[in-house]
Amino acid sequence: MITVSLNDLRFEAFHGIHKEETLLGNTYVVDCVIELHEANEVIRYIEDTVDYSKVYDIIRERMSVATPLLETLCMETGIQVHESFPDTKSIFIRIKKLHPHIEGFQGSTSVSWHKEY
């Protein structure tokens, strides 16, 4: 099995259900882990694996669309990755909101989604 990971991708975006989130935005960190069965003994061609630059493009484009719930964002991103790379065995996506607009809150929040195919 091969694992392709994109780690600590940072985006400024306007996701959330509260008005201040859609106006002020926030910093988000995305991790994506994709597992696939290798078709050959040794992978020698990009067509035999997951092109992480294309996965990044999917994530970047999806993060630019304001979405009320991170759960929706996580799941739709994972589904888009799987549609582009249908040979994947599993996909894990985590989206972390670094500065939630909650009075007195210190820390971060995150939502993750994992799907096996």
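Look a little higher up for the structure.
A quick note: this is a predicted structure, and the numbers were derived from the prediction, not measured. (Residues numbered from 1 in each chain as written. Predicted model: local features only at pLDDT ≥ 70, side-chain atom pairs only at ≥ 80, totals over all residues. Heavy atoms only, no water.)

According to the stated counting rule, one finds 4 salt bridges in the structure shown. The salt bridge partner of arginine 94 is aspartate 31, with a shortest N-O separation of 3.4 Å. Highlighted residues: arginine 94 in strand E3 (residues 88-97) and aspartate 31 in strand E2 (residues 26-36), separated in sequence by 63 residues. For arginine 94, a relative accessible area of 29% gives the class partly exposed. Two residues, aspartate 57 and arginine 60, come together in a salt bridge whose shortest N-O distance is 3.0 Å. Placement of both aspartate 57 and arginine 60 in helix H2 (residues 52-63) is noted, with a separation of 3 residues, approximately one turn of the helix. Since its relative accessible area comes to 32%, aspartate 57 is described here as partly exposed. (Salt bridge = Lys/Arg side-chain N within 4 Å of Asp/Glu carboxyl O. Helix = DSSP H or I, 4+ residues; strand = E, 2+ residues; numbered from the N terminus. Buried < 20%, exposed > 50% of the residue type's maximum accessible area, 1.4 Å probe, protein only.)

Time to look at the state of the cysteines. Tallied over the entire structure, the rule returns 0 disulfides. With no disulfide of its own, cysteine 32 lies closest to cysteine 74 among cysteine sulfurs, the gap being 9.4 Å. Classification of cysteine 32 as buried rests on a relative accessible area of 0%. Judged by relative accessible area, cysteine 74 falls into the buried class, the value being 0%. (Disulfide = S-S within 2.5 Å.)

Let us now look at the environment of leucine 24. Topologically, leucine 24 is positioned in helix H1 (residues 19-24). Judged by relative accessible area, which is 61%, leucine 24 ranks as exposed. Taking the C-alpha atoms as reference points, leucine 24 and lysine 96, separated by 72 residues in sequence, lie 17 Å from one another.

Its identity is not glycine, yet aspartate 8 carries a phi of approximately 55 degrees, on the positive side. Position of aspartate 8 relative to the elements: it lies in strand E1 (residues 2-13).

So, on to H2. With 12 residues, H2 ought to run about 16 Å at 1.5 Å a step, and its terminal C-alpha atoms sit 16 Å apart, in line with that. Here the buried face of H2 lies against E1, E2, helix H3 (70-84) and E3. (Expected span 1.5 Å × (residues − 1). Contact = heavy atoms within 4.5 Å.)

In this section: the nonpolar core. In this structure, Val30, Val55, Ile59, Met63, Ile93 and Ile95 are the most contacted members of the largest nonpolar core, which totals 25 residues. The set of elements that each furnish at least two residues to this core consists of E1, E2, H2, H3, E3 and strand E4 (109-116). Those residues within four positions of isoleucine 95 in sequence are excluded, and the remaining contacts are Tyr28, Val29, Val30, Met63, Leu70, Leu73, Cys74, Thr109, Ser110 and Val111. (Core = buried A, V, L, I, M, F, W, Y, C linked by side-chain atoms within 4.5 Å.)

Let's shift gears to H3. Given 3.6 residues per turn, any residue in an α-helix points the same way as the ones three and four places further on. In this model, H3 (15 residues) spans 21 Å end to end at C-alpha, consistent with the 21 Å of a helix rising 1.5 Å per residue. Considered for burial, the residues of H3 that qualify are Leu70, Leu73, Cys74, Thr77, Gly78, Val81 and His82. For H3, the angular spread of buried residues about the axis comes to 160 degrees, placing them on one side. In this structure, the buried residues of H3 make contact with E2, H2, E3 and E4. (Arc of directions from axis to C-beta.)

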